[in-house]
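Coordinates in review
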Amino acid sequence: MTETQSAASASEHAILMIESGAGTPICADDRTLHALAWALKDLGYAAWNSDPPRVARVADALRRLDEHAYMPPVSSSTCAEVRALSAWITGIEDLTRGRMTDATARFDQAHEGFRELGLHREAAQTQVPKVITLSVLGRHAEAAACGEQTQRELLALGDALAASKVSLNLGNLYCRCNDYPLAKKHYREAAVLFARVGDKERSIMADIGMAEALASMGDFEESLHISARARMRAAQHGFPVLGALAQEAIALVALSRGHYHEALAELEGSRRCYEALAMPQHLATAEKQLADAYLELRLLPEALALFDQALQRFDALEMPVEQAWALTQKGRTQALLDRPIEEVNRSLMWAARLFADQQVGAGEATVLLARAELALARGEGVSAIELAHAAASGFAATGLAEGGVRAAVVGAYASLRAGRADESRALFVQARTRARELRLLSAEVRCLAGEGLAALAAGDEVAARESLESAIEAFEDQRRALPSDDIRNAFLTDHLRPYQELLRLELAACTREPSSHHAAEVLRCLERFRARVLDERLGEAATAEGDEPDDEVASTLRARLNWLYRRMQRLDEEAEPGAALVCEARRIELELLERARRQRFAAQADPSHRHRSEAFDLQTLQGFLGGTEALVEYGALDNQLFACVVTHDRVDIAHPLAAWDDVLDAIRSARFQVETLRHGAGPVERHLDILTRRMQVRMSRLHDLVWAPLAHLLVGRSDVVVVPHEHMSSLPFAALHDGERFLAQTHALAMAPSAQVAMRGLLRQPVPARRALAVGESRRLPQAAAEAQFVAGLFDDAIALTGASASLDQLQLHASQADVIHLACHAQFRADNPMFSALHLVDGALTADAVERMSLRAATVVLSACETGLAEHGHGDEMVGLVRAFLLAGASRIVASLWPVDDTITARFMTIFYGALQRGEPPAEALRNAQLALMIEYPHPCHWAAFTLYGGW
């Protein structure tokens, strides 16, 4: 057999060995065993970046070669060489699994083994990957010394290819140390040499490293060009790990530039690759980078959770530099969440120590910048200026271009906070110019907003309007492309200042020169940020987001969650559920939301197809309003509540109405009175008259604050849509009392989250109430089944789902064909996680998350359950709860409750309400009729004012 044939046979044997995992003794002579061991080593190296799990199988095969007895016996030198090869590839396995300390020790073991055999070239080659492990461990000086020494030895031995590998690893090292020019030099050198010898794999690796260095230095266009080329080449030649690394490089540039949709899609794609290939080190880094994106988008609780997970992984994987970066970002997140200053400082101090130990200058500058942001948030303008300048110097020394722009922006805001309006204006212009050069859109948006604020401080209203409008226009392009409701809402919340400042300008103009024109401009400004995400979702052609069917894991999680809900509701067992079950349910809820969020990232829908929220069309809204109809939209600014009143022919402003703090106090006082009857009137029957008078006093106080100042604008307006501000959504407007009458006695009322959404509701009238679906789940509410049967009996065409039929599947089966859907069951509003507010049916929970995925007609939905009208409100009044979910599912009108109502009273209420609907009365008038009738029999507002109509009349 020739030498070539022997090598080929050894390769075939090696492949069979690792694929079969055979553990029998090897029958081989010296020559065959030697060839087999080297063939396995070559297979291991070839699989490093294409099939990491195969590296583990190769390492296992080499260990078996090393451990087995051979027949016939082989020489001790061959055994020693096999042992050195086994240590070498086991080190590679450890490297791919993130075990850097173990890998370093294995490479040294292999090095010594080859040196003792006089194989100096092979000994030097084992130190090439050691540069990587030492670098990841943060032992940068040792890594540099190891690389330089190894490169000298390899060049002396004539091994230019292996020396080029050292150049590649030194490039990685200097990139981690933030010496980007030196990293670029090594990457370029490696790329040329690898291309010359036809080493495609390492040529791609050098390109990816070059792209990272260029991006850090601010040459984003060239970085993207090189990354795209590397990604294409990795796909062509079958290197999935390198493809994921190139994808990650593209994502990080997109994140820096504020192209968040692209960044999220690419990050999730690379993360999934690392997960599939079982690469813990890369996976931990990808999760941290996703957390970085969440932080930029102000999805703060989710970002904090991911940073905590990443820190645990980095600690276990011995990655101190990555740990320092995650700690810095964790500190920034904690500060934005208003965590105690001690917690924030602890994270930042720990990060600073790690960066100093590893001599990572860009990291130290980033900690200084985080401290500048913290000082700015605390109103310490001068301190923030000093810290921002120090950070800028650090970024300049390391050549980190994006960091320099960020420091300049923070410094400009700090100057503004310190009262230096003209100086800050100049700084914003300078920073914006640099941001535009680098195409850093997020920095540019913040500069434009800052220029507007500085112009306002300087009294230049014209320039202020221009800059603020430009900031909003640029920001809207970013926000609209985002793939998830919660992200779009959180991102808007962080950028409300320009919207609010324009609103403030219009309010001031309206105060100076009251007119319907100025009042209309105030309303337009308010509508620009009110319930924007809901309006966009309602305007999209697609159904609710999250339409993608659950995968197997998500289905299993939902099944487990429903079981936990049943236990927590004590439907299966009488025992009180333990805290562990509750914690598990909350964990699964968050995991399901995160899985759905990432599924939307991976879908990579074209953001240009996303609905662009139409500009608020006041004339169209007024066209829907007849002579007896009006819309009242509340807003608050600078602790002052105001209201816009829209009729068919004009817009008026009532400003100011009251101090917002006073309104909140009055709402809390009224809700306290409601709580006295939470468990029914029986326990307090003898005090009911006193409680009724007390409730009336509270509602009179609220009437004086929020309604009396605008009542003159509503004379003759019997039908009113109310757009509340934040916590006013929990206020029963029907029960407001003017000292003589309740508001329900003079007005038919409906609620909407914005004027734009109200207009959609008025355009989409409910279908006639002919076909009814009534669901009653009685295990928690004993009268619910009877209520469902009773409601079904009010209609000629009706289905009643009770007992075992009151299930999720049956509801899904019949709901899409119903004109009226009545749900009588136990409900739970979840302020901690409103997407899991739920209606509890016989076999599980119908959560808001699940409701959004339903497809309903323009039906009227009645939620005859406790507190179904409550919602979590963020800035911009983006309500999240069951009402919003049913609107997104397609319902036209929703009747929901603000507090629990007695079963007998509810039955009486529904009799009157549904009777009016069947006579053709609009839902608002039907609701009012039921309220007026009950008011006579049950005077306390808790009995008759709980139900509220949403969507329109």
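Thresholds applied
Every chain is numbered on its own, with residues counted from 1 as its sequence reads. With pLDDT at 70 or above as the cut-off, local features in this predicted model cover only qualifying residues; side-chain atom pairs require 80 or more to be listed or tallied, and sums for whole chains, interfaces and linings still use all residues. Water and hydrogen atoms were dropped before computing side-chain values, which therefore reflect all heavy atoms in the structure. Comment: elements are numbered from the N terminus, with helices defined as DSSP H or I runs of at least four residues and strands as E runs of at least two. By this rule the span expected of a helix is its residue count minus one, scaled by 1.5 Å. Note on exposure labels: buried denotes an accessible area under 20% of the residue type's maximum, exposed denotes more than 50%, and partly exposed covers the range between, all computed with a 1.4 Å probe on protein chains only. Contacts were defined at the residue level, with two residues in contact if any of their heavy atoms lie within 4.5 Å. Note on pairing: DSSP must find at least two bridges between two strands before they are called paired. As a per-residue quantity, pLDDT reports the predictor's confidence and falls between 0 and 100. Every angle, taken between N-to-C directions, lies between 0 and 180 degrees, and every axis is a line fitted to C-alpha atoms, over only the stretch in contact when it is a helix. For this classification, under 35 degrees means roughly parallel, over 145 means roughly antiparallel, 65 to 115 means roughly perpendicular, and everything else is oblique. Handedness of each helix crossing follows the sense of rotation of the near helix against the far helix: counterclockwise by less than a right angle gives left-handed, clockwise gives right-handed. Charged residues are taken to be Asp, Glu, Lys and Arg, nonpolar residues to be Ala, Val, Leu, Ile, Met, Phe, Trp, Tyr, Cys and Pro, and polar residues to be all remaining types, Gly included. The salt bridge definition used is simple: a Lys or Arg side-chain nitrogen within 4 Å of an Asp or Glu carboxyl oxygen.

Once that is clear, we can look at helix H19 (residues 361-377). Here H19 spans 25 Å end to end across 17 residues, near enough to the 24 Å set by a 1.5 Å rise per residue. Looking only at H19, the buried set comprises Ala 362, Gly 363, Ala 365, Thr 366, Val 367, Leu 369, Ala 370, Ala 372, Leu 374, Ala 375 and Leu 376. Buried residues belonging to H19 abut helix H17 (320-336), helix H18 (341-358), helix H20 (381-398) and helix H21 (401-417). Gly 379, located one to two residues past H19, shows a positive phi value of around 80 degrees.

Inspection of the secondary structure assignment puts Leu 794 in the loop between helix H35 (784-793) and strand E7 (797-802). The class for Leu 794 is partly exposed, based on a relative accessible area of 24%. Considering only alpha carbons, one finds Leu 794 and Tyr 914, 120 residues apart in sequence, at a separation of 7.4 Å. Each residue touching Leu 794, except ones within four places of it in the same chain, is listed here: Met 910, Thr 911, Tyr 914 and Gln 918.

As a further point, take the pairing of strand E12 (residues 860-864). Within E12, 5 of the 5 residues are buried, which leaves the element mostly enclosed by the surrounding structure. Side-chain alternation along E12 places Thr 860, Val 862 and Ser 864 on one buried face and Val 861 and Leu 863 on a second face that is also buried. Of the pairings in the sheet, the one linking strand E8 (residues 820-824) to E12 comprises 5 bridges and is parallel in character. Within the sheet, the bridge partner assigned to Leu 823 lies in E12 and is Leu 863. Where E12 meets strand E13 (residues 893-897), 3 bridges bridge the pair, whose relative direction is parallel. Across the sheet, Val 861 pairs through a bridge with Ile 894, a residue of E13.

The bulk of non-glycine residues show a negative phi, and the bulk of peptide bonds are trans. Here His 655 and Pro 656 are connected by a cis peptide whose omega angle stands at -10 degrees. Its place among the elements puts Pro 656 in strand E3 (residues 651-659). Even without a glycine there, the phi angle at Ala 278 is positive, about 55 degrees. For Arg 439, which is not glycine, the phi dihedral falls at a positive 60 degrees. If you trace the backbone, Arg 439 turns up in the loop between helix H22 (421-438) and helix H23 (441-457).

To continue, consider helix H15 (residues 280-296). For H15, built from 17 residues, the straight-helix expectation of 24 Å at 1.5 Å per residue is met to within 8% by its first-to-last C-alpha distance of 24 Å. Burial analysis of H15 places 14 of its 17 residues in the buried class, the great majority of the element. The positive-phi residue at the C-terminal boundary of H15 is Arg 298, with phi of around 65 degrees.

Turning to the pairing of E3, a few remarks are in order. Pairing analysis gives 6 bridges linking strand E2 (residues 640-646) to E3, with the strands arranged antiparallel. Paired with Leu 641 across the two strands is Ala 658, which belongs to E3. Where E2 folds back onto E3 in an antiparallel hairpin, the turn is made up of 4 residues.

Another aspect to go through is the confidence of the model for the chain. Looking at the chain, the pLDDT average stands at 89 and 92% of residues meet or exceed 70. Here residues 541-546 scores under 50 on pLDDT; set against residues more than four positions off or in separate chains, the count is 12 contacts.

For the rest of this paragraph, the subject is the packing of helix H39 (residues 903-918) against helix H40 (residues 923-937). Contact geometry of H39 with H40 gives a least axis separation of 8 Å together with a crossing angle of 140 degrees. The pairing of H39 with H40 is recorded here as oblique in orientation. Here H39 runs over H40; the crossing is right-handed. For the pair formed by H39 and H40, the contact residues are Ile 905, Arg 908, Phe 909, Ile 912, Phe 913, Ala 916 and Leu 917 on the first element and Pro 923, Ala 926, Leu 927, Asn 929, Ala 930, Gln 931, Ala 933, Leu 934 and Glu 937 on the second. The residue inventory of the contact of H39 with H40, partitioned by class, reads 12 nonpolar, 2 polar and 2 charged.

Between helix H24 (residues 461-480) and helix H25 (residues 485-494), the least distance of the axes is 10 Å, while the angle of their chain directions is 160 degrees. Considered as vectors, H24 and H25 are oriented roughly antiparallel to each other. Here the hand of the crossing between H24 and H25 comes out right-handed. Along its contact with H24, which presents Phe 475, Gln 478, Arg 479 and Arg 480, the element H25 presents Arg 488, Phe 491 and Leu 492. Counted by class, the contact of H24 with H25 contains 3 nonpolar, 1 polar and 3 charged residues.

One pass over the structure, following the stated rule, counts 73 salt bridges. Of the charged contacts, one joins Arg 271 and Glu 287 as a salt bridge, the two residues approaching to 3.6 Å between their closest N and O atoms. With Arg 271 in helix H14 (residues 260-276) and Glu 287 in helix H15, this pair connects stretches of sequence that are 16 residues apart. Summarising the burial analysis for this pair, Arg 271 and Glu 287 share the class buried. Among the salt bridges present, the one from Arg 497 reaches Glu 501, with a minimum N-O distance of 2.7 Å. Taken together, the residues Arg 497 and Glu 501, both in helix H26 (residues 496-512) and 4 residues apart, mark about one turn of the helix. Members of the salt-bridge network, linked through shared partners, are Glu 268, Arg 271, Arg 272, Glu 275, Glu 287, Glu 302, Asp 486, Glu 594, Arg 597 and Arg 598.

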